[in-house]
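Residues per chain are reported as follows:
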Amino acid sequence: MKVIEFTEYGGPEVLERKERERPVPQGREVLIQVQAIGVNYADTARREGQYVVDTALPFIPGAEVAGIVVDVGDGVKDAKPGDRVVTLIEAGGYAEYALADERGLISLPSGIDFTAAAALPLQGLSAYHILKTMGRIDNGETVLIHAAAGGVGTLAVQLAKRFGAGKIIATASSEQKRALAKEMGADILIDYTKAGWEEEVLKATGGKGVNLALEMAGGEIFKKTLKCLAPFGRMVIYGAASGEQAKFYPTSLMGKNQSVIGFFLPQIMNKPELLKPSMHELLSLVTEGDLRLTIGGVYPLEEAANVHTLMQSRKTSGKLILVP
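Rules used throughout
- Residues numbered from 1 in each chain as written.
- Predicted model: local features only at pLDDT ≥ 70, side-chain atom pairs only at ≥ 80, totals over all residues.
- Heavy atoms only, no water.
- UniProt positions renumbered as here; feature names shortened; annotations may be inferred.
- Helix = DSSP H or I, 4+ residues; strand = E, 2+ residues; numbered from the N terminus.
- 1 Å grid on protein atoms, 1.4 Å probe; cavity = no way out; pocket = protein on both sides within 12 Å on 5 of 7 lines; lining within 4 Å.
- Points joined across faces, edges and corners; volume = space filled by probe spheres on them.
- Nonpolar A, V, L, I, M, F, W, Y, C, P; charged D, E, K, R; others polar.
- Phe/Tyr/Trp six-rings, centres within 6.5 Å; stacked < 30°, edge-to-face > 60°.
- Buried < 20%, exposed > 50% of the residue type's maximum accessible area, 1.4 Å probe, protein only.
- Domains from an automatic or database assignment.
- Contact = heavy atoms within 4.5 Å.
- Buried area = accessible area lost by both parts, 1.4 Å probe.
- Salt bridge = Lys/Arg side-chain N within 4 Å of Asp/Glu carboxyl O.
- Polar contact = N/O pair within 3.5 Å; in protein donor to acceptor, adjacent residues only side chain to side chain.
- Arc of directions from axis to C-beta.
- Axes fitted to C-alpha atoms, helices over the stretch in contact; angles between N-to-C directions.
- Parallel < 35°, antiparallel > 145°, perpendicular 65-115°, else oblique.
- Left-handed = near helix turned anticlockwise from the far one by under 90°.
- Core = buried A, V, L, I, M, F, W, Y, C linked by side-chain atoms within 4.5 Å.
- Pairing = 2+ DSSP bridges.

**Quick notes on the UniProt feature "domain: Enoyl reductase (ER)" (unreviewed entry) in the protein chain**
So, step 1. Following the UniProt record, the feature "domain: Enoyl reductase (ER)" (unreviewed entry) maps to residues 10–322 here.
So, step 2. A helix fraction of 31% and a strand fraction of 25% characterise residues 10–322, whose end C-alpha atoms lie 20 Å from each other.

**Considerations on empty space enclosed by the protein**
So, step 1. Taken as a whole, this structure holds 1 cavity of 30 Å³ or more when the rule is applied.
So, step 2. When its volume is computed, the largest cavity comes out at roughly 40 Å³.
So, step 3. Here the lining of the largest cavity gets 3 residues from one element, more than from any other, and that element is helix H4 (residues 151–162).
So, step 4. Residue composition of the lining of the largest cavity, by class: 3 nonpolar, 3 polar and 1 charged.

**Points about the layout of surface pockets**
Sizing a probe to match a water molecule and rolling it over the atoms shows the empty space that remains.
So, step 1. Taken as a whole, the second largest pocket spans an internal volume of roughly 320 Å³.
So, step 2. Lining of the second largest pocket is provided by 18 residues; of these, Thr87, Leu88, Gly104, Met269 and Leu275 occupy positions nearest its centre.
So, step 3. Sort the elements by how many residues they give to the lining of the second largest pocket and helix H9 (residues 272–287) lands first, with 4 residues.
So, step 4. In the lining of the second largest pocket, the residues fall into 11 nonpolar, 3 polar and 4 charged.

**Considering the packing of aromatic side chains**
So, step 1. One pass over the full model with this rule turns up 5 aromatic pairs.
So, step 2. Plain terms: the ring middles of Phe6 and Tyr9 are 6.5 Å apart, the flat faces sit at 55° to each other, and that makes the pair tilted.
So, step 3. In this structure Tyr9 comes out as partly exposed when scored by relative accessible area, which is 39%.
So, step 4. Taken together, a centroid distance of 5.6 Å and an interplanar angle of 45° make the contact between Phe6 and Phe59 tilted. Taken as a pair, Phe6 in the loop between strand S1 (2–5) and strand S2 (16–19) and Phe59 in the loop between helix H1 (41–48) and strand S4 (64–72) lie far apart in primary sequence, 53 residues in all.
So, step 5. Look at Phe6 and you get buried, because its relative accessible area is 0%.

**As for the domain arrangement of the protein chain**
So, step 1. Looking at the assigned domains, one finds that the protein chain contains domain 1 (2–119 + 294–322) and domain 2 (124–265).
So, step 2. Using C-alpha coordinates to define each centre, domain 1 is positioned 28 Å away from domain 2.
So, step 3. At the interface, 9 residues of domain 1 touch 12 residues of domain 2.
So, step 4. Considering only the surface of domain 1 that becomes buried against domain 2, Thr294, Arg314 and Ser317 emerge as the three largest contributors, covering 48% of it.
So, step 5. Linking domain 1 with domain 2 are 0 salt bridges, by the criterion used here.
So, step 6. The interface formed by domain 1 and domain 2 contains 0 residue pairs in polar contact (both at pLDDT 80 or more).
So, step 7. Residues that form the side of domain 1 that touches domain 2 fall into these classes: 3 nonpolar, 4 polar and 2 charged.

**Considerations on helix H10 (residues 304–312)**
The α-helix advances 3.6 residues per turn, and as a result positions three or four apart in sequence lie on the same side.
So, step 1. Those residues of H10 that fall on the buried side of the exposure criterion are Ala304, Val307, His308 and Met311. Down the axis of H10, the buried side of the element spans an arc of 100°, and every buried residue falls inside it.
So, step 2. Summarising the contacts, the buried residues of H10 are in contact with S1, strand S3 (29–39), H1, strand S14 (295–300) and strand S15 (319–323).
So, step 3. Downstream of H10 by a residue or two, Arg314 has a phi angle that is positive, lying close to 60°.

**Side note on the packing of helix H3 (residues 121–134) against H4**
So, step 1. Two elements in contact, H3 and H4, have axes whose closest approach is 8 Å; the angle formed by their N-to-C orientations is 45°. Here H3 is positioned oblique relative to H4, judged by the angle of their axes. Like other packed secondary-structure pairs, H3 and H4 cross with a definite hand, here right-handed. On the side of H3, the interface is formed by Gln123, Gly124, Ser126, Ala127, Tyr128 and Leu131, while H4 contributes Gly151, Val152, Leu155, Ala156, Leu159 and Ala160.
So, step 2. Residue composition of the contact of H3 with H4, by class: 8 nonpolar, 4 polar and no charged.

**Focus: the nonpolar core**
So, step 1. Judged by nonpolar contacts, the single largest core of 55 residues is most densely connected at Leu120, Leu131, Ile145 and Leu159.
So, step 2. Both domains that furnish three or more residues to this core are identified here as domain 1 (2–119 + 294–322) and domain 2 (124–265).
So, step 3. Excluding residues within four positions of it along the chain, Leu120 makes contact with Glu64, Leu125, Leu155, Met279, Leu282, Leu283, Val286, Leu291 and Leu293.
So, step 4. Phe6, Val39, Val69 and Val85 belong to the second-largest nonpolar core, a separate cluster that totals 27 residues.

**Considering the sheet that holds strand S11 (residues 210–215)**
So, step 1. Read across the open sheet, the 6 strands follow the order S10-S9-S8-S11-S12-S13; overall the sheet is parallel. The open sheet has two free edges, formed respectively by strand S10 (188–191) and strand S13 (259–262), since each of these has just one partner strand. When the angles between neighbouring strand axes are averaged without regard to direction, this sheet yields 20°.
So, step 2. Pairing geometry for strand S8 (residues 142–145) and strand S9 (residues 167–172), over 4 bridges, is parallel. By the bridge assignment, Thr142 is partnered in S9 with Lys167.
So, step 3. Sitting on the sheet, H4 is in contact with S8, S9 and S11, with an inclination near 175° to S8.
So, step 4. Docked against the sheet, helix H5 (residues 175–184) engages S9 and S10, running at close to 160° with respect to S10.

Dropping the structure here:
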């Protein structure tokens, strides 16, 4: 089978097309004929050797796959060949076939195609649980969403509104991206590339600050976002796309009873009682037309290096998809 892998850490150029033996499912594993693969910043972090956990080499990236079950291990209880599924896996998604544990499979409703399905799990579940599980969003609260035109951002804007947010402040780097955030339901639009954007956030809240902030850039963005928090405000950290780790003094949170909370989706994946109900809810929202997926581009698997370059250049909006 065709795969994209890397044998050393580095830029997009380390991604190489290779031929590998098609894996054979064991125990409760299933073999999926991959139809669509979601591309994520976690993939670029893996490639650069900067992921939250170690990445052993050689490595086939790709955690988000949708496709058709074609073979099952001898311990599989429910899945069968022909099932249309979407799932999250630890690695191996940039391939024509991928192994997955049947316990993590989500059956696809007939109204959702594979491209849409691959656009949902990682970023949809992230947006859902950042807002609800970790951020504890409450009715009427003001929410600040950075990179609001990105894969997580576009979904977080919509879900925040659905979860009862009173005001959504969205930041993005271009007029086009801010327009997309507005289309998704954002109330206030801010260009975070301009100096003093944090003052605009405070002005938009009448000086009170935001109740909940979603932060994935790190560095100076983190520090300025911290200044935007209201008393009892929560900031959920789910990445460091800038590559910079911010330093701060934890005691600075004490004066206003503020919280900085980490989010790592694999921990949600380890809790089926959190994972499956939320995924089914997201799929239902998409099927009913209540949650819009923004596909930024669909590319052949062989163009994985180019897709990584595009995504890291901040020139894309929405979800990027690879197809074998």
